[in-house]
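# Observations on the model geometry
Residue strings, one per chain:
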Amino acid sequence: MSVTINGKAHGPFEVRDELSMNDFLREYLGLTGTKFGCGLAQCLSCAVIVDNPDGTSETSPTCVVPAASFAGKSIRTVEGHARNGELSRLQKAFVEHFSFQCGYCTAGFLNEGQVLLERLARAPVARADLGRTIVEALDSHLCCCTGYVKYHVAVRDVILSDPQRYLR
Ligand code: FES
Ligand code: FES
């Protein structure tokens, strides 16, 4: 399989059918920013961004999904958010708001938050719906350190810092 990760083509690789995408990223490519938590598609600490050909994006768990099913796809991982050593706006907001404690869930929240920002840039929401929109977007991600509120505040902060872009 071949796959594009953070804009760079990788492969082709021969992979076993049962090799998970999580093991592929971590063991084949050394991209250990993508974590392995529950291994049951429940916590989403292992989530990456999948960029679709139509310009939309979504997150996908990697723990229970075979690496081979990502063949030909373009994905983004936590390692791809910073540019030239500078953190993304959302990464900075996570730091500024002390959103994470141990950080194990952070890559998943970051990827989900980024997908939300890009979705809102394409289809802004009313300000009155912002809180619910953030809750719905991040709802499936679990944080064992229970830092949920500060993740939500950080995402909200980024959106409110550029209302012309994200809100209608
Ligand atoms: S490790 Fe993949 S969803 Fe928990
Ligand atoms: S910051 Fe520790 S699991 Fe979320």
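Here we summarise the structure given alongside this text. Computed from a predicted structure; not experimentally measured.

## Here's the deal with the overall build of the protein
Helix and strand counts for the protein come out as six helices and five strands. Listed N to C, the secondary structure of the protein is β-β-α-β-β-β-α-α-α-α-α in terms of helices and strands. For the protein, whose C-alpha radius of gyration is 16 Å, the value lies close to the compact-globule estimate of 15 Å for 168 residues. For the protein, the residues scored as buried account for 43% of the 168 residues in total. Averaging the locations of the 17 positively and 18 negatively charged side chains of the protein gives two centres separated by 6 Å.

## Let's talk about the sheet that holds strand β3 (residues 48-51)
Spatial ordering of the open sheet is given by β2-β1-β5-β3-β4, a layout of five strands whose pairing is mixed. Looking at the sheet topology across the chains shown, the edges are occupied by β2 (8-10) and β4 (57-60). Within the sheet, the average angular offset between the axes of one strand and its neighbour, ignoring direction, is 35°. Relative to strand β5 (residues 74-76), strand β1 (residues 3-5) runs parallel, the two sharing two bridges. Along β5, the bridge assignment pairs Thr4 with Ser74. Here helix α1 (residues 21-28) sits on the sheet in contact with β1, β3 and β5, set at roughly 65° to β1. Contacts from helix α3 (residues 106-122) reach β3, β4 and β5 within the one sheet, and its direction differs from that of β4 by about 160°.

## Describing the packing of helix α2 (residues 89-96) against α3
At a minimum axis distance of 10 Å, the contact between α2 and α3 shows a crossing angle of 130°. By the criterion of interaxial angle, the relationship of α2 to α3 is oblique. When you trace α2 past α3, the crossing you get is right-handed. Two secondary-structure elements touch here, α2 through Leu90, Gln91 and Phe94 and α3 through Thr106, Phe109, Leu110, Gly113, Gln114 and Leu117. Partitioning the contact of α2 with α3 into residue classes produces five nonpolar, four polar and no charged.

## Here's the deal with the packing of α2 against helix α5 (residues 148-160)
At a closest axis distance of 9 Å, the pairing of α2 and α5 adopts a crossing angle of 135°. With respect to α5, the element α2 is oriented oblique. For the pair α2 and α5, the sense of crossing is right-handed. Packed against α2, whose contacting residues are Arg89, Leu90, Ala93, Phe94 and Glu96, the element α5 presents Tyr151, Ala154, Val155, Asp157 and Val158 at the interface. A breakdown of the residues in the contact of α2 with α5 according to their chemical character gives seven nonpolar, no polar and three charged.

## Focus on unusual backbone geometry
Put simply, Gly11 and Pro12 share a cis peptide bond, and its omega is 5°. Mapped onto the secondary structure, Pro12 falls in the loop between β2 and α1. Phi is positive for Ala41, close to 60°, though the residue is something other than glycine.

## What to know about helix α4 (residues 130-138)
An α-helical segment advances 3.6 residues per turn. Residues three or four places apart therefore align on the same side. Of the residues making up α4, those classed as buried are Leu130, Thr133, Ile134, Ala137 and Leu138. With its buried residues spanning 115° around the axis, α4 presents them on a single face. On its buried face, α4 is in contact with α3 and α5.

## Focus: the environment of Asp162
Structurally, Asp162 can be placed in the loop between α5 and α6 (163-166). Separated by 30 residues in sequence, Asp162 and Arg132 have C-alpha atoms that sit 18 Å apart.

About the criteria used
Here the residue numbering is sequential within each chain, running from 1 through the sequence in written order. Chains carry letters and ligands carry numbers; both start at the beginning, A for chains and 1 for ligands, and go up in the order they are written. Two thresholds apply to this predicted model, a pLDDT of at least 70 for residue-level local features and 80 or more for giving and counting side-chain atom pairs, whereas whole-chain, interface and lining totals are computed over all residues. Based on all heavy atoms of the structure, the side-chain values leave hydrogens and waters out of the count. Each helix corresponds to a stretch of at least 4 residues labelled H or I by DSSP, and each strand to a stretch of at least 2 residues labelled E; elements are numbered beginning at the N terminus. Values of the radius of gyration come from C-alpha atoms, whereas the globule rule sets the reference at 2.2 Å times the count of residues to the power 0.38. Burial classes follow relative accessibility: with a 1.4 Å probe on protein chains only, a residue under 20% of its type's maximum area counts as buried, one over 50% as exposed, and anything between as partly exposed. When charges are counted, Lys and Arg are positive and Asp and Glu negative, with His and the chain ends excluded. By convention, the charge on Lys lies at NZ, on Arg at CZ, on Asp at CG and on Glu at CD. Any two strands are treated as partners once DSSP identifies two or more bridges connecting them. Axes here mean lines fitted to C-alpha atoms, for a helix over just the part in contact, with angles spanning 0 to 180 degrees between N-to-C directions. Contacts are assigned to residue pairs that have any heavy atoms within 4.5 Å of one another. Oblique is the label for any angle not covered by the other classes, which are roughly parallel (under 35 degrees), roughly antiparallel (over 145) and roughly perpendicular (65 to 115). For a crossing to be left-handed, the near helix must be turned anticlockwise from the far one by less than a right angle; the clockwise case is right-handed. Each residue receives one of three labels: charged for Asp, Glu, Lys and Arg, nonpolar for Ala, Val, Leu, Ile, Met, Phe, Trp, Tyr, Cys and Pro, and polar for the others, Gly being one of them. By construction, the arc corresponds to the directions joining the helix axis to the C-beta atoms.

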